[in-house]
Amino acid sequence: MPDIFRALRNTNYRIWAGGAFVSNVGTWVQRTAQDWLVLTQLTHHDASAVGLVMALQFGPQMLLLPWTGFAADHFNQRRLLMITQAAMGMLALALGILTVTGIVRLWEVCIFAFLFGSAAAFDAPVRQTFVAELVGDKDLHNAVALNSTSFNAARMIGPAVAGLVIAAIGTGWAFLINGASFMAVLLSLASLRTGSLHPNARAQRTKGSFTEGFRYAWGRADLRSILIMLFLIGTFGLNFPIFISTMAVTVFHTDARGYGLLSSIMAVGTMTGAFLGAGREKPRFDLLLSGAAVFGFGCIMAAVAPSYWFFAAALVVIGVAVLTFTNTTNSLIQLSTPPEMRGRVMALRVGVALGGTPLGAPIVGWVADTFGPRWALGIGAASGLISALVAFFALPPRRSQRSRRE
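These figures come from a predicted structure and were not determined experimentally.

**Quick word on the packing of aromatic side chains**
Thinking step 1. Applying the stated criterion to the full structure yields nine aromatic pairs.
Thinking step 2. On the numbers, 5.7 Å between centres and 70° between planes, the contact of Trp-16 with Phe-130 is edge-to-face. Of the two residues, Trp-16 is situated in helix H1 (residues 11-42) and Phe-130 in helix H6 (residues 106-135); the sequence distance between them amounts to 114 residues. In this structure, Trp-16 and Phe-130 share a single accessibility class: buried.
Thinking step 3. Feature note: the residues Phe-252, Tyr-308, Trp-309 and Phe-311 constitute an aromatic cluster, connected by ring pairs.
Thinking step 4. The cationic tip of Arg-31 hangs over the ring face of Trp-28; the distance from NZ or CZ to the ring centre is 4.7 Å.
Thinking step 5. Looking at Arg-224, its charged tip hangs above the ring of Trp-218, at a distance of 5.9 Å from the centre.

**Quick notes on the pattern of salt bridges**
Thinking step 1. What the rule picks out here adds up to four salt bridges.
Thinking step 2. With a shortest N-O distance of 2.6 Å, Asp-123 and Arg-127 are connected by a salt bridge. Here the residue Asp-123 and the residue Arg-127 both occupy positions in helix H6, the gap between them amounting to four residues, near one helical turn.
Thinking step 3. The salt bridge partner of Arg-284 is Asp-286, with a shortest N-O separation of 3.1 Å.

**Quick look at the packing of H1 against helix H2 (residues 47-58)**
Helix packing geometry: the angle between the two helix axes and the distance between the axes.
Thinking step 1. Here H1 crosses H2 at 140°, and the two axes come no closer than 8 Å. Classified by the angle their axes make, H1 and H2 are oblique. The crossing of H1 and H2 is right-handed. Only Ala-47, Ala-49, Val-50, Val-53 and Gln-57 of H2 make contact with H1, whose side of the interface consists of Gln-34, Asp-35, Val-38 and Leu-39.
Thinking step 2. Across the contact of H1 with H2, the residue classes tally to six nonpolar, two polar and one charged.

**Examining the side chain of Thr-337**
Thinking step 1. On the secondary structure map, Thr-337 appears in the loop between helix H14 (308-335) and helix H15 (339-355).
Thinking step 2. Of the polar contacts made by the side chain of Thr-337, one reaches the backbone oxygen of Ile-333; its length is 2.5 Å.
Thinking step 3. The contacts of Thr-337, once residues within four sequence positions are left out, are Tyr-216, Arg-220, Arg-342 and Val-345.

**What to know about helix H11 (residues 240-251)**
Thinking step 1. Of all twelve residues that make up H11, nine are buried, and the element is covered over most of its length.
Thinking step 2. Those residues of H11 not exposed but buried are Phe-240, Ile-242, Phe-243, Ile-244, Ser-245, Thr-246, Met-247, Ala-248 and Val-249.
Thinking step 3. Immediately beyond the C-terminal end of H11, within one or two residues, lies His-253, with a positive phi of roughly 55°.

Conventions we followed
Residues numbered from 1 in each chain as written. Predicted model: local features only at pLDDT ≥ 70, side-chain atom pairs only at ≥ 80, totals over all residues. Heavy atoms only, no water. Phe/Tyr/Trp six-rings, centres within 6.5 Å; stacked < 30°, edge-to-face > 60°. Helix = DSSP H or I, 4+ residues; strand = E, 2+ residues; numbered from the N terminus. Buried < 20%, exposed > 50% of the residue type's maximum accessible area, 1.4 Å probe, protein only. Lys NZ or Arg CZ within 6 Å of the ring centre and 35° of its normal. Salt bridge = Lys/Arg side-chain N within 4 Å of Asp/Glu carboxyl O. Axes fitted to C-alpha atoms, helices over the stretch in contact; angles between N-to-C directions. Parallel < 35°, antiparallel > 145°, perpendicular 65-115°, else oblique. Left-handed = near helix turned anticlockwise from the far one by under 90°. Contact = heavy atoms within 4.5 Å. Nonpolar A, V, L, I, M, F, W, Y, C, P; charged D, E, K, R; others polar. Polar contact = N/O pair within 3.5 Å; in protein donor to acceptor, adjacent residues only side chain to side chain.

The structure is reproduced here in structure tokens:
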């Protein structure tokens, strides 16, 4: 098997990856449908409403941070994943029923977004650290990259499927499809060979365990720089539901299929970035600098795009950059953090990367409504370029430390 797919030699990882891929397709179907529902059916092209729903969906990542990190480090990860995945599946089915019957309202979508985000807040750090239980630390970087490849292959398929489903039978069916897709990952978790897992060390239950994790991460200059960069790009840059939907509807005047196609085209870039990551022996800090810089310039290209297809090409560039950046932060943090601390630090990573959305998404949505979506993309560009500066100033000390060791 080619070295780029080496984690797939592990039977448990293959079982997990198959179920996760099906569920990931459903997740992207729902994400696309939810943005389209809010933007075109429940409001009249109101980007601020999309931003509000995003804020409610990703806000729990920061709000619940003390408990999500604790859960990831203290509880059985496989069982916790089964609970969170089942909860998200039930929520998707309930929202689908409300939408299919035609009684869904914006405030109900807001409530479901918050509940879904709360379940996802517990799910994300466990799902990311659970990879180490599947393959061990030796193939962890490769498995993280392959997970991203799966997620972004689904990102290429899901939005296109959503566009076709919405156009053919209605938005509600997209939510029902996502609800059903969670059965695949639940079956894969139930089918794992538990005797072949590599259990992470469980932390002892003590008071102040979250603050201990925060002090550990903030006390290390490399982790502190990563968290600052994640906050900037996560808060002001990773607002693609707003960027793509507003550009598609108000600038290029396309329909649901055109919108879904743009999201799928971006996944070509993210898949490319994921494959490049899977081929690397190990993550490097300097990749954060290049990833953030290319992300910023890609957003500038998208902001000035004169046509639909130029914009689509810019999304490919952004996709490569954002996956290079996010995968590198994931692997660097996991591989450099003690196993008993890993869940809390990864929860902090997810909380910082996504928890800033309640601040950034409404601002970006307001800018898109008031000044136009091109200016909103300008904010994303600034977040990438400033993050690149943070990485640049964080690199010299690392070089000098390396030369002293030599």
